Amino acid sequence: MSMNRTWKLLQFEFNRLWKVLIGLILFNVVVQPLGVIWSTYRYFNRDVSAGTTLEMPGTVARALAFNEVTQSGIVTLAILFTVFALIFYAFYTWYREWYGKSRFSYRLMMIPGNRMQVYFAKLLALYIGVLLLVALQIVLLAVGNWVFEWFLFEDVIRPIHLFELYYWNAFGNEIFLSVLQIMINRYVMGFMTLNIVFVGILLERSFGLAGFISGLAFYLISLIGSVAVISVIGGQAYKWYLFYDEALYMMYGIMVLYTLICIGISHYLINHRLRV
């Protein structure tokens, strides 16, 4: 019965989310290819305007790699907009229970029982949305690469393997990460971030103004702690005689531990402190 209610809640939350997902998908499908075209034209035109052309004896226009285009303004802004839209929705999905028209989950929290079913339904619905958008990003990179190669002459393209855009990462020095490490890095970090956001919301909903201040402090501590862990492990790995893989998995272990701490805090707040 418990799992059945959790499944129904998950369906309910995802039905709420799908319109937002469709909007973000359409936004990225339109904006990112246009961003690739614009950035490619801007880079190439800059070299041509400077007088560096393929026809000039002894000179060759600067070769352009696809990763330079994906890191440019429009494409990056589209991705950042998507990330912040999901974070905004994480707040919205909770506050609508108090101020929105449909308060189904709010009414469920008034029934005796484990309120974490509502928590995990919201969390998993958002996380499924994140995974769908990550899958879309993989497709858009392939499409963008095709547009990039179609738009430029082959002579001015610096070849780069499409999957290098995912594998290449900075950690002390630049290293080449495996597929499994990339999945752990992206998805564990995303899952941890959603739990951090939920803790701040539940603090505010539980304690009012004091909870709001506590939530902001929690976000700040989480941000500083994340930067500190990456800096310390990344900077001290060689002193601790750790291989890069060992240092990375140490970071992943810390992220999993912090995620469990966030879930524990949320469990206490939603079952014992949340005002409904």
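As shown above, the structure is provided for reference.
Residues numbered from 1 in each chain as written. Predicted model: local features only at pLDDT ≥ 70, side-chain atom pairs only at ≥ 80, totals over all residues. Heavy atoms only, no water.

**A short note on the overall build of the protein**
In terms of helices and strands, the protein carries 9 helices and 2 strands. Each helix and strand of the protein, placed in order from N terminus to C terminus, yields the pattern α-α-α-α-α-α-β-β-α-α-α. Expressed as a percentage of its 276 residues, the buried residues of the protein come to 39%. Taking as baseline every contact in the protein between residues at least 6 positions apart, the subset at least 24 positions apart corresponds to 78%. Summing over all exposed atoms, the protein offers an accessible surface of approximately 15700 Å²; the carbon and sulfur share of this is 72%. (Helix = DSSP H or I, 4+ residues; strand = E, 2+ residues; numbered from the N terminus. Buried < 20%, exposed > 50% of the residue type's maximum accessible area, 1.4 Å probe, protein only. Contact = heavy atoms within 4.5 Å. Areas by Shrake-Rupley, 256 points an atom, 1.4 Å probe, with all protein chains shown as cover.)

**Looking at a nonpolar patch on the surface**
On the surface, Val29, Val30, Leu34 and Ile37 cluster together into a nonpolar patch covering about 320 Å² of accessible area. Here Val29 lies in helix H1 (residues 2–49). (Patch = residues over 30% accessible without salt bridge, like charges linked within 9 Å, V, L, I, M, F, W, Y side chains within 5 Å. Salt bridge = Lys/Arg side-chain N within 4 Å of Asp/Glu carboxyl O.)

**Things to note about the packing of aromatic side chains**
One pass over the full model with this rule turns up 9 aromatic pairs. Taken together through their ring pairs, the aromatic side chains of Trp94, Tyr119, Phe120 and Phe198 make up a single cluster. (Phe/Tyr/Trp six-rings, centres within 6.5 Å; stacked < 30°, edge-to-face > 60°.)

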